[in-house]
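# Analysis of the macromolecular model
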Amino acid sequence: MIIVTGAAGFIGSNLVEGLNRRGLRDVIAVDNLTDGTKFRNLADLHIADYLDMDDFLRHVEANHDFGKVRAVFHQGACSTTTEWDGRFMLRVNFEYTKKLFHYCQARRIPLIYASSASVYGAGPNYAEDPEREQPLNVYGYSKFLFDQYLRARLPYLKSQVVGLRYFNVYGPREQHKGHMASVAFHFDRQIRDSGECRLFEGSSGYADGEQRRDFIYVGDAVRVNLWFLDHPERSGIFNCGTGRSQSFNDVARAVIAWHGRGRIRYIPFPDNLKDSYQSFTQADLKQLRAAGCDVDFRTVEEGVKAYLDALHGAKA
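Values in this document were obtained by computation on a predicted structure and should not be read as measured data.

## Examining the overall build of the protein
Along its length, the protein carries ten helices and 13 strands. Taking 2.2 N^0.38 as the reference for a compact globule, 316 residues should give roughly 20 Å; the C-alpha atoms of the protein span a radius of gyration of 19 Å, in line with that estimate. Residues counted as buried form 53% of the 316 residues belonging to the protein. Once local pairs closer than 6 in sequence are excluded, the contacts in the protein between residues at least 24 apart make up 77%. In the form shown here, the protein has an accessible surface area of approximately 14,000 Å², with 48% of it arising from carbon and sulfur atoms. In the protein, 40 side chains carry a positive charge and 39 a negative one; their mean positions are 2 Å apart.

In C-alpha cells:
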C-alpha cells in the first residue's frame, strides 16, 4: 500500500497516475475536497480508498495501523504563495508534516514530501545549503522550516525521508489551481481566448518577458519521486528542477508554436509583487545527481508540447 496526500491536487494526482502506470493500485488518496471540482483529477485513476486530510491526520495522531505501507508521498499543502495568514500556513504545511514525519519514523515508513524552491527567495544560487536560503513569503518559510527540522534529524533517521524542492512545475491536472496554475496553462488559455500571451514587462534588470525560471514538466517531477521510491536507502533534501533556466518568452513562444498562431503583449509589472517575486531560478542538481538520480528532464519546448497534446489531444 502507498499513501499519497494531496492526491487530488496537481502533482499528487500525477503521482497517483504514475503509480497506476506501474500497476500499483493499492493507493490511499488523502485530500481536502472542499473544492469539489478537484474530483476530476482522481476520476480516471485507480485508488483503494479515500480519506479527508483532517480524518487522515486524526488517524496519524491516534497511531492508527493502515497495514503494510510501502511509502507515504506527502504532497498535500497550502501552496498559495500570496497567502499571508502565517498561523494557517504553519499549521497546514509545518505542523501537519511534523506529525506525519514522526508517525512514519515510528513505523519505519519511507516519507517523500514536497518542499519548494521558494525557500531560496531571490537567489541567485539554488543549492541545498542553508546559507543560500532566504524565503520571500510565508509559504516559502513554512517549507524552509520543515526542511530545517529534518536537517537536525537526518543523522538519526530510522527510515527514508526525502524532501523534494520543486521548481516551476507545469503540466496536466492543474486546471483547479486558478491564478496559481502555471504560466503555460494561462498562456494556452489566453491564446485561445484572445490570440495573445500577456507577459510582464522587464524587472530586476531583465528585459520584457526575459525573467527566467527553471520550468519542470510534471511527468519528470513524478519520475524523480518514483526514483526515490525505488531507492529507499537515499535520504535528504534535493532540488527537483531541470538544472537550466528558460525565459517566460520561451514558454509563450512554445505555446504559440503549438497553436500555430498568436502574439506576445507585455503588461506593467505589478507593484504588489516587486518585493516577493523570483525573477530567476535554476536548480543546482549536484546533490540529486550525487544521490544517483539519473532522470532526464524535458526542455520547455518539449514539455509544453507534451502538456498541450495531453490537454487538447495530440494534433494530427
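## Concerning unusual backbone geometry
Following glycine 123, the chain continues into proline 124 via a peptide bond in cis, with omega recorded as 10°. Tracing the backbone shows proline 124 in the loop between β5 (111-116) and α5 (138-151). Despite not being glycine, arginine 108 has its phi angle at roughly 55°, a positive value. Structurally, the position occupied by arginine 108 is in the loop between α4 (86-107) and β5. Phi is positive for arginine 173, which is not a glycine, with a value near 75°.

## Describing the packing of helix α8 (residues 248-259) against helix α10 (residues 300-312)
Relative orientation of the contacting elements α8 and α10 amounts to 45°, with a least axis distance of 9 Å. Taken as axis vectors, α8 and α10 run oblique relative to one another. The crossing of α8 and α10 is right-handed. Across the interface between the two elements, Asp250, Val251, Ala254, Val255, Trp258 and His259 from α8 touch Val300, Glu301, Val304, Lys305, Leu308, Asp309 and His312 from α10.

## Digging into α8
For α8, which comprises twelve residues, the first-to-last C-alpha distance of 17 Å matches the rise-based estimate of 16 Å (1.5 Å per residue) to within 8%. Most of α8 is tucked away, with ten of its twelve residues classed as buried. For α8, the set of buried residues is Phe248, Asn249, Asp250, Val251, Ala252, Ala254, Val255, Ile256, Trp258 and His259.

## Notes on the side chain of asparagine 249
Structurally, asparagine 249 can be placed in helix α8. Accessibility expressed as a relative area gives 3% for asparagine 249, which makes it buried. A polar contact of 2.7 Å, which involves the side chain of asparagine 249, links it to the side chain of glutamate 210. Those residues in contact with asparagine 249 that lie beyond four places of it in its chain are Leu199, Asp208, Gly209, Glu210, Ile264 and Tyr266.

## Description of the packing of aromatic side chains
Across all of its chains, the model carries 18 aromatic pairs by this definition. Centroid distance tyrosine 126 to phenylalanine 167: 6.0 Å. Interplanar angle 70°. Geometry classified as edge-to-face. Residue tyrosine 126 is located in the loop between β5 and α5, and its partner phenylalanine 167 is located in the loop between β6 (161-166) and β7 (168-170); the two are separated by 41 residues in the primary sequence. Each of the two residues, tyrosine 126 as well as phenylalanine 167, counts as buried. Among the aromatic residues, those joined into a cluster by ring pairs are Phe94, Phe101, Tyr113, Phe146 and Tyr149. Here arginine 153 stacks its cationic end above the ring of tyrosine 149, 3.5 Å away from the centre of that ring.

About the criteria used
- Numbers given to residues run from 1 along each chain, matching the order in which its sequence is written.
- Two thresholds apply to this predicted model, a pLDDT of at least 70 for residue-level local features and 80 or more for giving and counting side-chain atom pairs, whereas whole-chain, interface and lining totals are computed over all residues.
- Excluded from the side-chain calculations are hydrogens and water; all other atoms, namely the structure's heavy atoms, are used.
- Strands here mean DSSP runs of E at least two residues long; helices mean DSSP runs of H or I at least four residues long; both are numbered from the N terminus.
- Every radius of gyration here is taken over C-alpha atoms, with the globule rule written as 2.2 Å times N^0.38, N being the number of residues.
- Residue burial is assigned from relative accessible area. The probe radius is 1.4 Å, only protein chains are included, and a residue is buried under 20% of its type maximum, exposed over 50%, and partly exposed in between.
- Residue contacts follow a heavy-atom distance rule, with two residues in contact if any of their heavy atoms lie within 4.5 Å.
- Note that accessible areas follow from Shrake-Rupley with a 1.4 Å probe, and for residues the cover is restricted to the protein chains shown.
- Under this rule, positive means Lys or Arg and negative means Asp or Glu; His and the chain ends count for nothing.
- Note on charges: their place is set at NZ of Lys, CZ of Arg, CG of Asp or CD of Glu.
- Axis definition: a line fitted to C-alpha atoms, over the contacting stretch in the case of helices. Angles run 0 to 180 degrees between N-to-C directions.
- Put simply, angles under 35 degrees are roughly parallel, angles over 145 are roughly antiparallel, angles from 65 to 115 are roughly perpendicular, and the rest are oblique.
- Helix crossings get a hand from a simple test, with the near helix turned counterclockwise from the far one by less than a right angle marking a left-handed crossing and a clockwise turn marking a right-handed one.
- Take the residue count of a helix, subtract one, and multiply by 1.5 Å to get its expected span.
- As used in this structure description, the phrase polar contact means that two N or O atoms lie within 3.5 Å; if the pair is within protein, one of them must be able to donate a hydrogen and the other to accept it, and residues adjacent in sequence are counted only when both atoms belong to side chains.
- Two rings belonging to Phe, Tyr or Trp (six-membered ring only in the last case) form a pair when the distance between their centres is within 6.5 Å. Interplanar angles under 30 degrees mark stacking, angles over 60 mark edge-to-face geometry, and anything in between is tilted.
- When the NZ atom of lysine or the CZ atom of arginine is within 6 Å of a ring's centre and also within 35 degrees of its normal, the charge is said to sit over that ring.

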